[in-house]
Amino acid sequence: MMKAPTIKNDIFLMLIFSAVILSMPVWMEPLGASYPDLLQKFAIFGIFAVGYNILFGLTGYLSFGHAAFLGIGSYTAVWSFKLLTMNILPAIIFSVLMSGLFAMLIGFITLRRSGIYFSILTLAFAQMFYNLAYSVLTPITNGETGLQLARNDPRVIDRLFTEAGEGLPSTDFFGLAMSGYSGFYVCAGLLIIAFFISQRIFHSPFGIKLRAIKSNQTRMKYTGYNTRPYLLTAFVISGMYAGLAGGLMAATDPLAGAERMQWTASGEVVLMTILGGVGTLIGPLLGVGIIKYFENIFSALNEQALHQAYAFMPDWLANIMVAVTSPFVGEGWHLTLGALFVLIVVFLPGGIMEGISLIKKRFSKKSSKPAHLDKAPETGN
Amino acid sequence: MSNIILEIDNVQKSFGGLKALSDLNLKIEEGKVHAIIGPNGAGKSTMLNVCIGQLAPDSGTVTFNGENMIGKAPHEINQAGISRVFQTPQIFPDLSLLQNVMIPALAKREGAFKLNIFRSLSNETEVQDEACRILTDIGLIGQLHTHAGSLSRGDKRRLELAMCLVQHPKLLLLDEPTAGMSRHDTNKTIDLLMKIKEGGMTKIIIEHDMHVVFSVADHISVLAQGTIIASGTPDEIKGNPKVQEAYLGGAHL
């Protein structure tokens, strides 16, 4: 009775998505954001946010402690660089597994509560890890200095093939350097895989059950579902995504510090997800793009740059414009971001994706065709 | 006498000083529509809550299909074959009607937990077809992709009924399925209940509307102050002076 066009749609979306991500160095150029460090950040935080959205977007459980998994991933990766090899493959595999393990433990405890109590419990765990990293766990985390590479690290796998060289070695992916554009392409490749898995989850029976838990958990229980393992699985998956992101942070810059686990880092991913659109596939990535862009580009603008931008105006007008806009750039980029966030949450609670779908609706009103059987209502993709 | 599918034996339940159920005994025959009537606060909903594992009784047992249900989690009781329509409709307001009905159908097929990430929901054509069939029966097929949250109250009730029916439960519990409905909607619901009666599904129905009760019930029990004060066929109940005094007041009939 019903043929499924969504499979085709999914593949189509994946192709477009891959093309957009891989061509980022090109189309980011005019925006002044095509340098590799920033592109790597886009991809890494993209993975973090896509994974976070599997938990927060699908089940509605607002975790305030996901940065802990980011930190665990980073420390694990740096240890892998120190003990085994500078190749990032084992490092990120261990990062993912280690944070998955911790996510299972933390999720097992925190998922006994829901709503604000769940959020507070996850926050408590993350802050506990953050403080432990500075105190009793110093032998593992190297405290305030952060965990760094050293020349005399064992690196047993690397030693099998080569002698220790002069100076610090750098990370690579089978010969591909993790710095510069090659590093971005490795991160981008992983982001595409991560996005693909998230897309499969969104459109699977498992994903729709997570949405149902968000919608009405009571009904789920009386419908014959044991909701706890569903929530735990979502929690562990999103923890593993965060671990992967943490591992990649260490891979692109082999240094792990505890500040990565602070609650502000957990809050950032919440902001990204809400800004872009909770529970939509693409939304969190848009949120990452905007926040990281503001953080890196707006913060670098100064009065001189503003004067240049207003150079076409008469001097007196340019001076006024600079005076008005300068609090919003440079050090004040938080102000711009804050204002944008408030505007979006007030007027578009569904984030940027809600805005896009409103625009789409306006344009397609004239050619309204009967809804297709397989189309889900605003499940967002 | 046919099989007893559900047996409530000496169930007690107090909330603080209030005795909601005291020495409740009830036997439900397989394949029958059993109505429970009684004044407000008689313990009707509490009884259902005990049956589906929402409340643990202070003492007593609930046996379903020869199995003790006390201490089981709600999902285990549902998987054993009991579905419930709540007094305030419990649906998934953020999902489409189709998804609302597919989820219980999947629960029936896949059990309490299944991690099937790499299967696409749109490939579950059998489940979709089944859901569409039930939605056709219930008269909501035209709104397959509407958000369930935007339905009218009466339609929400019907949707919830569809969600229960798609599971083909052995026992269906209906908590005031026509409360707050117009006469027109009530009659539609009666027709629907008569239609699904033929399937041989056992039902317990709690209802205030005597018109509905006497239209669909094979057997009626009267609950007052947490205990059954009379039980019998509709005609026996109509003629029972104790019932008339306790609840019906005669005027209804």
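Not measured: the values here are computed from a predicted model.

Peer 1: Would you mind going over the domain arrangement of chain B with me for this structure?
Peer 2: Where the parts come together, the accessible area they lose is often given as the size of the interface. Residue and element names in this part refer to chain B. Its domain assignment divides chain B into domain 1 (4-81 + 169-248) and domain 2 (89-155). Measuring from the centre of the C-alpha atoms in domain 1 to the corresponding centre in domain 2 gives 27 Å. Taken together, the contact pairs six residues of domain 1 with five residues of domain 2. Elements with a contribution of two residues or more to the side of domain 1 that touches domain 2: α2 (74-80) and α6 (183-197). Broken down by class, the residue content of the side of domain 1 that touches domain 2 amounts to two nonpolar, three polar and one charged.

Peer 1: I'm lost on the interface of chain A and chain B in this one. Help?
Peer 2: Residue-level contacts link 35 residues of chain A with 36 residues of chain B. For the side of chain A that touches chain B, the elements supplying multiple residues, two or more each, are α1 (6-22), α9 (180-202), α10 (205-215), α11 (217-221) and α12 (227-252) of chain A. The dominant element in the side of chain A that touches chain B, judged by the number of residues it contributes, is α10(A), at eight residues. Split into classes, the residues belonging to the side of chain A that touches chain B amount to 17 nonpolar, 10 polar and eight charged.

Peer 1: I'm lost on the sheet that holds strand β8 (residues 202-206) of chain B in this one. Help?
Peer 2: In a beta sheet, neighbouring strands pair by backbone hydrogen bonds and run either parallel or antiparallel. All names here are of chain B. The strand order across the open sheet built from six strands is β6-β7-β8-β3-β9-β10, with neighbouring strands paired in mixed fashion. One side of each edge strand has no neighbouring strand; the edge strands of this open sheet are β6 (82-85) and β10 (227-232). Neighbour-to-neighbour, the strand axes of this sheet turn through a mean angle of 20 degrees, independent of strand direction. Relative to β8, strand β3 (residues 33-37) is paired through four bridges, and the arrangement is parallel. Counted as the bridge partner of V33 is K203 from β8. Its contacts with the sheet place helix α5 (residues 153-165) against β6 and β7 (171-175), and it is angled at close to 175 degrees to β6.

Peer 1: Even after reading the chapter, I still don't get the nonpolar core, so can you show me in this structure?
Peer 2: Note on soluble globular proteins: their nonpolar side chains tend to be buried together. Judged by nonpolar contacts, the single largest core of 172 residues is most densely connected at I47(A), F48(A), A245(A), V101(B) and A162(B). The element contributing the most residues to this core is α12(A), with 15 residues. When residues of this core are assigned to domains, at least three map to each of domain 1 (4-81 + 169-248) and domain 2 (89-155) of chain B. Among all residues touching I47(A), those that are not within four sequence positions of it are L190(A), L191(A), A194(A), Y241(A), L244(A) and A245(A).

How each quantity is defined
Residues numbered from 1 in each chain as written. Chains lettered and ligands numbered in written order. Predicted model: local features only at pLDDT ≥ 70, side-chain atom pairs only at ≥ 80, totals over all residues. Domains from an automatic or database assignment. Contact = placed C-beta atoms within 7 Å. Helix = DSSP H or I, 4+ residues; strand = E, 2+ residues; numbered from the N terminus. Nonpolar A, V, L, I, M, F, W, Y, C, P; charged D, E, K, R; others polar. Pairing = 2+ DSSP bridges. Axes fitted to C-alpha atoms, helices over the stretch in contact; angles between N-to-C directions. Core = buried A, V, L, I, M, F, W, Y, C linked by C-beta atoms within 7 Å. Buried ≥ 20, exposed ≤ 12 C-beta atoms within 10 Å, placed from the backbone.

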